[in-house]
Amino acid sequence: MANWNTRLEVRLGTQLISPISQFTPTFNVPHTVIHSIEADNVGYVRQPQTFTFTMTVQAIGSVVADLTELALSGAEFDIGVAQRSGQDWSFTALKFTRCVMTSANPSNVVIDGAPAATFTCMCLQPGIDD
């Protein structure tokens, strides 16, 4: 039976990014179908793969300022998503190296909750630990 009390943690280098509201990775491995005069769908050409992710962070600490600074400077960074506890995850850790932020989107300030900031990033070297 799965233990749903576990969670993933996101780290920027050695710093824990907390709390994180949402983390959405997207793997894109596009293919282009090749057609000929004689037949359709005779093969395909594999295009370069891309890996992007978005993360939404509650703006209640200095981590949003640190992430915004990374976005503005265009500096590469590493990020890791690791299993916090338990054995019910299909992987131990995702490791994203050579990441660059492509956009930062802070939310409006709200009266009844903490504002959030969403960062869109691309990763040049994703990896998975089983």
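Definitions and cut-offs
Residues numbered from 1 in each chain as written. Predicted model: local features only at pLDDT ≥ 70, side-chain atom pairs only at ≥ 80, totals over all residues. Heavy atoms only, no water. Helix = DSSP H or I, 4+ residues; strand = E, 2+ residues; numbered from the N terminus. Buried < 20%, exposed > 50% of the residue type's maximum accessible area, 1.4 Å probe, protein only. Contact = heavy atoms within 4.5 Å. Areas by Shrake-Rupley, 256 points an atom, 1.4 Å probe, with all protein chains shown as cover. Phe/Tyr/Trp six-rings, centres within 6.5 Å; stacked < 30°, edge-to-face > 60°. Patch = residues over 30% accessible without salt bridge, like charges linked within 9 Å, V, L, I, M, F, W, Y side chains within 5 Å. Salt bridge = Lys/Arg side-chain N within 4 Å of Asp/Glu carboxyl O. pLDDT = per-residue confidence, 0-100. Arc of directions from axis to C-beta.

1. Brief notes about the overall build of the protein
In terms of regular secondary structure, the protein is built from one helix and nine strands. Helices (α) and strands (β) of the protein occur, in sequence order from the N terminus, as β-β-β-β-β-β-α-β-β-β. For the protein, buried positions account for 24% of its 130 residues. Counting contacts in the protein only where the partners sit at least 6 residues apart, residues at least 24 apart contribute 61% of the total. Roughly 8,600 Å² of accessible area belongs to the protein as shown, and the carbon and sulfur atoms make up 54% of that amount.

2. Points about the packing of aromatic side chains
Tallying each qualifying case throughout the model produces six aromatic pairs. With 5.3 Å between their ring centres and 35° between their planes, Phe23 and Phe53 make a pair best called tilted. Pair noted here: Phe23 is in strand S3 (residues 20–28) and Phe53 is in strand S6 (residues 50–58), with a separation of 30 residues, a long-range link. Ring centres 5.0 Å apart and planes at 35° place the aromatic pair Phe51 and Phe96 in the tilted group. With Phe51 in strand S6 and Phe96 in strand S8 (residues 93–106), the pair connects residues that are 45 residues apart, well separated along the chain. On the accessibility criterion, Phe51 (4% relative accessible area) is buried. The class of Phe96 is buried, set by a relative accessible area of 1%. The structure contains a cluster of three or more aromatic residues connected by ring pairs, namely Phe23, Phe27, Phe51, Phe53 and Phe96.

3. Structural notes on a nonpolar patch on the surface
Among the surface-exposed residues, Ile34, Val42 and Val45 lie close enough to one another that they form a single nonpolar patch of about 220 Å² accessible area. For Val45, the position within the fold is in strand S5 (residues 43–46).

4. Thoughts on the confidence of the model for the protein
For the protein, per-residue confidence averages 80 on the pLDDT scale, and residues scoring 70 or more make up 78% of the total. The spread of mean pLDDT over the elements of the protein runs between strand S1 (residues 8–12), the lowest at 66, and S5, the highest at 94.

5. Describing the pattern of salt bridges
Counted by the stated rule, this structure contains one salt bridge. Two residues, Glu76 and Arg98, come together in a salt bridge whose shortest N-O distance is 3.2 Å. Here Arg98 lies in strand S8 and Glu76 lies in the loop between helix H1 (63–73) and strand S7 (77–83), a separation of 22 residues in the sequence. Looking at Arg98, the relative accessible area reads 36%, which means it is partly exposed.

6. Here's the deal with H1
When we look at burial in H1, the residues that qualify are Val63, Val64, Leu67 and Leu70. Take H1 and look down its axis: the buried residues cluster within an arc of 120°, on one side only. The exposed set on the far side of H1, more than 90 degrees from its buried face, consists of Glu69, Leu72 and Ser73. Two residues or fewer past H1, Gly74 is found with a positive phi of approximately 70°.

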